[in-house]
Amino acid sequence: MARTESTMLALGTPAPDFSLPEPASGKTFSLANFTCNEALLVIFMCNHCPYVLHLHKQLNDLIREYQPRGLAAVAINANDVANYPDDSPEKMVEVTRTMDYCFPYLFDEDQSVAKAYRAACTPDFFLFDGEMRLAYRGQFDASRPNNGQPVTGKDMRAAIEAVLTGRSIPEDAQVPSMGCNIKWKGGNEPDYFG
């Protein structure tokens, strides 16, 4: 498991558009499905990553808590499923149902959306304001598998509260997320790590 940090995309960056399928429902979602919300949380994750498994229940609970206040969320799996079959669309359906996700979980087969967001790891979080400008990118909280810290969602909660109440988030409050590297298809590795 290679530990990788977020690339920390520039704040204020407009949310890149996407049009991706959700294996569990058979529907296709695009950025336009979320532009009427007060905030949008885009999460790059996958089915098997221990960093994602470590917090996915608390993540789902936090999103469910903030949805009535205008938060929308969408998760995207961009991993190479030929080499990592546990991240296949079929397994995505199982995880979505088992976890009762309250947000769409989309499949980025060609990895172009992950590249557009400069995603690096799972989980990688991007919180956009109501104008679809990047307001926060960073960790859910300081908990990691086996570090003994509880999963609280403290950092993400503070960021969502700030966005929903029109406050800016200080740069020093934005700690990179950390997780397994996105499993790029051979020859498809992005150039933003160099």
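Our subject in this report is the structure included herewith.

Rules used in this analysis
Residues numbered from 1 in each chain as written. Predicted model: local features only at pLDDT ≥ 70, side-chain atom pairs only at ≥ 80, totals over all residues. Heavy atoms only, no water. Core = buried A, V, L, I, M, F, W, Y, C linked by side-chain atoms within 4.5 Å. Buried < 20%, exposed > 50% of the residue type's maximum accessible area, 1.4 Å probe, protein only. Helix = DSSP H or I, 4+ residues; strand = E, 2+ residues; numbered from the N terminus. Contact = heavy atoms within 4.5 Å. Pairing = 2+ DSSP bridges. Salt bridge = Lys/Arg side-chain N within 4 Å of Asp/Glu carboxyl O. Axes fitted to C-alpha atoms, helices over the stretch in contact; angles between N-to-C directions. Parallel < 35°, antiparallel > 145°, perpendicular 65-115°, else oblique. Left-handed = near helix turned anticlockwise from the far one by under 90°. Nonpolar A, V, L, I, M, F, W, Y, C, P; charged D, E, K, R; others polar. Phe/Tyr/Trp six-rings, centres within 6.5 Å; stacked < 30°, edge-to-face > 60°.

1. Thoughts on the nonpolar core
Here comes step 1: Core analysis: the largest hydrophobic core is formed by 39 residues, its most contacted members being Leu41 and Leu127.
Here comes step 2: When residues of this core are assigned to their parent elements, the largest contribution, seven residues, is made by helix α1 (residues 50-66).
Here comes step 3: Every residue in contact with Leu41, bar those within four places of it in the chain, is listed here: Leu59, Ile63, Leu71, Ala72, Ala73, Val74, Phe125, Phe126, Leu127 and Met156.
Here comes step 4: Of all hydrophobic cores here, the second largest spans 26 residues; its members include Val113, Ala119, Trp184 and Tyr192.

2. Comments concerning the pairing of strand β8 (residues 124-129)
Here comes step 1: Burial of β8 is extensive: five of the six residues sit out of reach of the surface.
Here comes step 2: As paired elements, β8 and strand β9 (residues 134-138) share four bridges and run antiparallel to each other. Among the inter-strand pairings, Phe126 is bridged to a residue of β9, identified as Arg137.
Here comes step 3: Hairpin connection between β8 and β9: a loop of four residues separates the two successive antiparallel strands, and Met132 in this loop has a positive phi of roughly 60 degrees.

3. Some details on the pattern of salt bridges
Here comes step 1: Across all of its chains, the model carries five salt bridges by this definition.
Here comes step 2: Here Glu161 ties to Arg69 by a salt bridge, and the two come within 2.8 Å at their closest N and O atoms. Taken together, the residues span a long stretch of sequence, with Glu161 in helix α4 (residues 154-164) and Arg69 in the loop between α1 and β5 (71-77) at a distance of 92 residues.
Here comes step 3: Between Arg137 and Glu171 there is a salt bridge; the shortest N-O distance is 3.4 Å. With Arg137 in strand β9 and Glu171 in the loop between α4 and β10 (178-181), this residue pair connects regions lying 34 residues apart in the sequence.
Here comes step 4: Residue classification places Arg137 among the buried residues on the basis of a relative accessible area of 5%.

4. Concerning the sheet that holds strand β7 (residues 121-122)
Here comes step 1: If you walk across this open sheet you meet the three strands as β1-β10-β7, and the pairing is antiparallel. If you trace the sheet from one side to the other, it starts and ends with β1 (3-5) and β7, each paired once.
Here comes step 2: As defined by bridge partners, β7 adjoins β10 across two bridges and the pair is classed as antiparallel. Residue pairing for β10: Cys121 is matched across the bridge by Asn181.

5. Let's talk about the pairing of β10
Here comes step 1: Direction of pairing for β1 relative to β10: antiparallel, over a ladder of three bridges. Bridge pairing in β10 links Arg3 to Cys180.

6. Observations concerning the packing of α1 against α4
Here comes step 1: Running from N to C, α1 and α4 cross one another at 20 degrees; their axes reach a closest spacing of 11 Å. By the angle between their directions, the pair α1 and α4 is classed as roughly parallel. Regarding α1 and α4, the two cross each other, and that crossing is right-handed. Of the residues in α4, those touching α1 at Leu62, Glu65 and Tyr66 are Met156, Arg157, Ile160, Glu161 and Leu164.
Here comes step 2: Residue classes in the contact of α1 with α4 are distributed as five nonpolar, no polar and three charged.

7. Considerations on the packing of aromatic side chains
Given two aromatic rings, their pairing is described by the distance between the two centres and the angle made by the two planes.
Here comes step 1: Within this structure, the stated rule accounts for nine aromatic pairs.
Here comes step 2: With centroids separated by 5.8 Å and ring planes inclined at 90 degrees, the aromatic side chains of Tyr101 and Tyr105 adopt a geometry described as edge-to-face.
Here comes step 3: Here Tyr105 falls in the buried class, since its relative accessible area comes to 1%.
Here comes step 4: Taken together, the ring pairs in this structure connect Phe44, Tyr117, Phe126 and Phe128 into an aromatic cluster.

8. Focus: unusual backbone geometry
Here comes step 1: The linkage connecting Thr122 with the following residue, Pro123, adopts the cis geometry, with an omega of 0 degrees.
Here comes step 2: You can see Pro123 is positioned in the loop between β7 and β8.
Here comes step 3: A positive phi angle, close to 55 degrees, is found at Asp100, a residue other than glycine.
Here comes step 4: On the secondary structure map, Asp100 appears in the loop between α2 (89-99) and β6 (105-107).
Here comes step 5: Positioned with a positive phi, Asn146 is a non-glycine residue whose angle comes to about 70 degrees.
Here comes step 6: The class of Asn146 is exposed, set by a relative accessible area of 84%.

Structural measurements only, silent on function.
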